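Descriptive structure summary
As a plain string of letters, each chain reads:
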Amino acid sequence: MTAHTIEVVIEEIKHESPIVKSFKFRATNDLPLPRFSAGSHITTYVQAEHGTIERPYSLTTAPDITDHYQIAIRRSDRSNGGSIYWHDYMEKGDKLYISYPKNHFPLSFRAKHHVFFAAGIGITPFLAMAADLKKKGKSFELHYAAPSKELCAFHNFLTSMHPDETHFYFSKEKRKMTPNLMKNQPIGTHVYFCGSETMMRDYAEAARAYGYPEKSIHFELFTPPDFGPMQAFQVKLNKSNQVLDVPEGESLLETLLEHNIQAPYSCKIGGCGSCQIDVLEGEVDHRDLFLSDTEKKEGNIILTCVSRAKTGYLVLDL
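The structure contained in this document is the topic of the report that follows.

The rules behind the values
- Throughout, residues of each chain are indexed from 1 in the direction in which the sequence is written.
- Reporting in this predicted model follows two pLDDT cut-offs: at least 70 for local features of residues, and 80 or more for side-chain atom pairs to be given and counted; totals over whole chains, interfaces and linings ignore these cut-offs and use all residues.
- Calculated side-chain values reflect all of the structure's heavy atoms, with hydrogen atoms and water omitted.
- Secondary structure follows DSSP: runs of H or I at least 4 residues long count as helices, runs of E at least 2 residues long count as strands, and numbering of each begins at the N terminus.
- Relative accessibility under 20% of the residue-type maximum defines a buried residue, over 50% an exposed one, and the middle range a partly exposed one, all with a 1.4 Å probe and only protein chains included.
- Polar contacts, as counted here, are pairs of nitrogen or oxygen atoms within 3.5 Å of one another; within protein the pair requires one atom able to donate a hydrogen and one able to accept it, and residues that are adjacent in sequence qualify only if both atoms are side-chain atoms.
- Contacts are residue-level and defined by heavy atoms, with any inter-residue pair within 4.5 Å sufficient.
- Joining through side-chain atoms within 4.5 Å is the link that ties buried Ala, Val, Leu, Ile, Met, Phe, Trp, Tyr and Cys residues into a set, and such a set is a nonpolar core.
- Two strands pair under a simple rule: DSSP has to find at least two bridges between them.
- Each axis is a line fitted through C-alpha atoms, taken for helices only over the stretch in contact, and angles between the N-to-C directions span 0 to 180 degrees.
- Whenever a carboxyl oxygen of Asp or Glu lies within 4 Å of a side-chain nitrogen of Lys or Arg, that contact is scored as a salt bridge.
- Only Phe, Tyr and Trp rings take part, Trp by its six-membered ring, and two of them pair if their centres are within 6.5 Å. Stacked means planes under 30 degrees apart, edge-to-face means over 60, and tilted covers everything else.
- When the strands point away from the viewer and the connection leading from the first strand across the helix to the second strand turns clockwise, the crossover is called right-handed.
- Criterion for a disulfide: a pair of cysteine sulfur atoms within 2.5 Å.

1. Thoughts on the environment of T28
By the secondary structure assignment, T28 is in the loop between β2 (20-27) and β3 (41-48). Taking the relative accessible area as the measure of exposure, T28 reaches 29% and is therefore partly exposed. Among the polar contacts made by the side chain of T28, one reaches the side chain of E7 at a distance of 3.1 Å.

In structure tokens, the structure reads:
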């Protein structure tokens, strides 16, 4: 691959539930893997017959462990092939490349108390966070929704390692996790959400309604928000006068990279702001969950990985 990737080999594959597998791997050169902060993810690059499958996954191990990494993947028949390939074809001993860890979902060092809300596979970043906070003697609680105990990935692990902090909500037992768990928390509490886009949006809105400051609300995205059809549009690059056609169904970022434009990016799902570019003309169809409402109304920046043109034409400061 490149100097910015690490070759690893799968050391262990384990069923964490009927539809979730964890994958443990180490560096092929047996050197320690880079340290990371809790909440970090890596991008995996798997060579399949039809090309490279590139996907981000949270690191689930404690941040101070460097002899191996672990990720967990839920098999989804509605995926674009990533989870299906990992579940059906990846085996112990297989080699792949991974990125260095990145963190768009860090723990706040200002928080007096941390409250985590996980739905389904959204549990993954909180495994590393809980391990980190436990080691440092920090205050936290974890609320985790799943259909049932049998379908609850890492249930036994959490019961064993964090029995006092973890609270389970199984829908088949008519026990529902709700946003009002954020009420009456001590001053200085930060809340963290990881699950479906709808769940995170609802919980973030509830947190604001309960009076949580914006800086105390954190959430993790792994798939781009769904804001409807991805219509074709054009962009003009102001510095070169080059005009590019962005096809239907393709992101602006993908088009820029295909034309060898040195466009910045990181998460590719509208969650980190790394791909922000100034807009000189045109109306932006904002599809990210990163920019504030005020920034979106001003309309002078775009996150190229997810957002598009509302008017069919944009002029970019590139």
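There's plenty left to go through after this.
2. Considering helix α1 (residues 82-89)
When we look at burial in α1, the residues that qualify are G82, S83, Y85, W86 and H87. Turning to α1, the residues buried within the fold contact β1 (5-17), β2, β3, β4 (51-58), β5 (69-74) and β6 (95-99).

3. Overview of the nonpolar core
Counting 26 residues, the largest nonpolar core has F116, I123, F126, M129, Y144, L158 and Y192 as its most contacted members. Elements with a minimum of two residues in this core: β7 (113-119), α2 (124-136), β8 (140-146), β9 (166-170) and β10 (189-194). Ranked by the residues each element gives to this core, the list is headed by α2, at five residues. In this view, F126 contacts F105, F116, F117, A118, L142, Y192, F193 and C194; residues no more than four positions away in its chain are not counted.

4. Some thoughts on the sheet that holds β6
Spatially, β4-β3-β6-β1-β2-β5 is the arrangement adopted by the six strands of the open sheet, whose pairing is antiparallel. At either margin of the open sheet sits one strand with a lone partner, and together these are β4 and β5. With direction set aside, neighbouring strand axes in the sheet form an average angle of 40 degrees.

5. With respect to the pattern of salt bridges
One pass over the full model with this rule turns up 13 salt bridges. In this structure, K310 and E283 form a salt bridge, with 3.9 Å as the shortest nitrogen-oxygen distance. Of the two residues, K310 is situated in the loop between β17 (308-309) and β18 (313-316) and E283 in the loop between β14 (276-281) and β15 (284-285); the sequence distance between them amounts to 27 residues. Taking the relative accessible area as the measure of exposure, K310 reaches 52% and is therefore exposed. Close ionic contact of D285 with R287 constitutes a salt bridge, the shortest N to O distance being 2.9 Å. The buried category is assigned to R287, whose relative accessible area is 8%.

6. Regarding the packing of aromatic side chains
Tallied over the entire structure, the rule returns 14 aromatic pairs. Taking 5.7 Å as the distance between ring centres and 85 degrees as the angle between the ring planes, the aromatic pair formed by F36 and Y69 counts as edge-to-face. Taken together, the residues span a long stretch of sequence, with F36 in the loop between β2 and β3 and Y69 in strand β5 at a distance of 33 residues. The interplanar angle of 75 degrees and the centroid separation of 6.1 Å between the aromatic rings of F105 and Y192 together place this pair among those described as edge-to-face. With F105 in the loop between β6 and β7 and Y192 in strand β10, this pair connects stretches of sequence that are 87 residues apart. Pairwise contacts between aromatic rings join F105, F116, F126, F140 and Y192 into one cluster.

7. As for the sheet that holds β10
As summarised here, the arrangement of the five strands in space is β9-β8-β7-β10-β11, forming an open sheet in which the pairing is parallel. Two strands bound the open sheet, and with one partner strand each, they are β9 and β11 (217-219). Within the sheet, the average angular offset between the axes of one strand and its neighbour, ignoring direction, is 15 degrees. Contacts between α2 and the sheet are confined to β7, β8 and β10, with β7 contributing the most and set at about 155 degrees to the helix. Across the sheet, helix α4 (residues 197-209) is in contact with β7, β10 and β11; its angle to β10 comes to roughly 160 degrees.

8. Here we look at the pairing of β9
Among the five residues of β9, four are classified as buried, and the element is accordingly described as predominantly covered. Sheet topology note: the β8/β9 ladder contains five bridges and is parallel. Paired with L142 across the strands is T166, a residue of β9. A crossover links β8 with its parallel partner β9, the connecting element being helix α3 (residues 155-161), and its sense is right-handed.

9. Quick look at the environment of T60
Along the chain, the position of T60 falls in the loop between β4 and β5. For the pair T60 and K24, spaced 36 residues apart in sequence, the C-alpha separation works out to 9.7 Å. Look past the residues within four positions of T60 in its chain and what remains in contact with it is Q70, I71, A72, T124, L127 and A128.

10. Considerations on the state of the cysteines
A full pass over the atoms with the stated rule returns zero disulfides. As a non-bridged cysteine, C152 has C194 as the owner of its nearest cysteine sulfur, 14 Å distant. Among the cysteines around C305, which has no disulfide bond, C275 carries the closest sulfur, lying 3.7 Å off.

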